[in-house]
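Structural characterization, general
Below are the chains, spelled out letter by letter.
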Amino acid sequence: LPLAATVLPTSQDDALTGITLTGGTLSTDAQNVAGSLTLDGPTTLTGDTAIDTNAALTDAQVQFNSTVDGAADLTVDSGTAAITFNDDIGSVTDLGSGVGAALALLSTGDTTFNSTVETASGMTAVGDVTFTENVTLGNGDTASTFNGDVTLDGLDFVAVDGATFGNNSSVDQVTLSGGPVSV
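Remember, predicted model here, so these are calculated numbers, not experimental data. (Residues numbered from 1 in each chain as written. Predicted model: local features only at pLDDT ≥ 70, side-chain atom pairs only at ≥ 80, totals over all residues. Heavy atoms only, no water.)

1. Some details on the packing of aromatic side chains
Put simply, the rule reads: A pair of Phe, Tyr and Trp rings is counted when the ring centres sit within 6.5 Å of each other, with Trp represented by its six-membered ring. The angle between the planes then sorts it: under 30 degrees is stacked, over 60 is edge-to-face, the rest tilted. Only DSSP runs of H or I covering at least 4 residues are called helices, and only runs of E covering at least 2 are called strands; the numbering of each starts at the N terminus. Each residue gets one of three labels from its accessible area relative to the maximum for its type: buried under 20%, exposed over 50%, partly exposed in between, using a 1.4 Å probe on protein chains only.
Scanning the model with the defined rule gives 8 aromatic pairs in all. With a centroid separation of 4.9 Å and 5 degrees between ring planes, the pair formed by F85 and F113 is classed as stacked. Of this pair, F85 sits in strand β10 (residues 83-85) while F113 sits in strand β12 (residues 111-113); the two residues are 28 residues apart in sequence, bridging distant segments of the chain. Just as F85 is buried, F113 falls in that class too. Here the aromatic cluster, defined as three or more aromatic residues joined through ring pairs, consists of F64, F85, F113, F131, F146, F157 and F165.

Next comes the structure, spelled out in C-alpha cells:
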C-alpha cells in the first residue's frame, strides 16, 4: 500500500491483513476515528512510515498480530493507549534504515513486545516498555533511549550502540523478571 498521503480507516476497529507500507503516514486523525488499529497480517516497510492513532476524539491502541519487517524506520503514536507487537520484528529484514531510530514509540501508553526484536539501529520509547523475547538493537548511528519503565522478561538484550534507561531516576525502573536476563 503506497502512502503518498494519509490513509484513513473507514470505521472503528478496522483490521488490515497483510500490508506493505512504502512510506508516509497511516493515520486515524483526520476522521477522528475513536477505534483501535489492528494489523493482522505481515507488515513490510519499504519506506519510512508513521502510524498515528492519537486522534482528537480519543487515543487508540495499535496492535501488530504478525511480523513487522523492512529496511525502513517506523514511528508509532497512540497517545496514551497501548502498542502491542505480538510477533517477530525484523525476522526477515532488520527493521530500520540504520540512520536514526529504527523504531520510535511516541506514546505515553505501555508498549509490549511479545516476540523477538531485531533492528538496524537503536530505538526510542516515551512510555513504559516490556520485552518478553530476545532483543537485538543493531549497529546503526543511534543509541536507544527508554524514557519510562522497562521490563526485561527472561531474555538476551543487546543494544550495540548503547541504551539509556529512564529519564527520571527517582521514578523510572528497569525490572528483570521471568528468568535469567543477559544485558
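2. Quick notes on the pairing of strand β18 (residues 150-153)
Operational definition: In short, DSSP must find at least two bridges between two strands for them to pair.
Residues V150 and L152 point to one face of β18 and are all buried, whereas T151 and D153, pointing to the other face, are not buried. Relative to strand β21 (residues 174-177), β18 runs parallel, the two sharing 4 bridges. Each residue of the ladder has a partner; that of L152, found in β21, is L176.

3. Quick word on the environment of G96
With respect to the helices, strands and loops of the structure, G96 is situated in the loop between β10 and β11 (103-105). Take G96: its relative accessible area is 4%, and that puts it in the buried class. Sequence spacing of G96 and T46 is 50 residues, and the spatial spacing of their C-alpha atoms is 9.7 Å.

4. Quick word on the side chain of T84
The condition that has to hold: Throughout, a contact is declared for two residues whenever any of their heavy atoms are within 4.5 Å.
With respect to the secondary-structure elements, T84 resides in strand β10. Judged by relative accessible area, T84 falls into the buried class, the value being 15%. Not counting residues up to four positions away in its chain, the partners in contact with T84 are V62, Q63, F64, T112 and N114.

5. With respect to the environment of G122
Looking at the element boundaries, G122 is found in the loop between β13 (117-119) and β14 (123-125). When its relative accessible area of 2% is taken as the criterion, G122 is described as buried. For G122 and A143, which are 21 residues apart along the polypeptide, the C-alpha to C-alpha distance reads 4.8 Å. Not counting the four nearest positions on each side in its chain, G122 is found in contact with A101, A102, L103, L137, G138, T142, A143 and S144.

6. Some thoughts on the nonpolar core
Side chains that are nonpolar tend, in soluble globular proteins, to be buried together. The test is simple: Buried Ala, Val, Leu, Ile, Met, Phe, Trp, Tyr and Cys residues that are joined via side-chain atoms within 4.5 Å together make up what is termed a nonpolar core.
Within the largest apolar cluster, 29 residues are counted, with the highest numbers of intra-cluster contacts made by F64, L74, F85, L105, F113, F131 and F146. Those residues in contact with F131 that sit more than four places away from it in its chain are F113, V117, M123, F146, V150, T151, L152, D153, L155 and F157.

7. Quick look at the side chain of D69
Where we set the bar: Polar contact criterion, stated in full: a pair of N or O atoms within 3.5 Å, where within protein one must be able to donate a hydrogen and the other to accept it, and residues adjacent in sequence count only if both atoms are side-chain atoms.
Residue position: D69 is located in strand β8 (residues 68-69). A relative accessible area of 7% places D69 in the buried class. A distance of 3.4 Å separates the side chain of D69 from the backbone nitrogen of G90, its partner in a polar contact. Of note is the side chain of D69, whose polar atom sits 2.9 Å from the backbone nitrogen of S91. Apart from residues lying up to four places away in sequence, D69 is in contact with T43, T44, L45, G90, S91, V92, T93 and L95.

In short, shape yes, function no, at least from these values alone.
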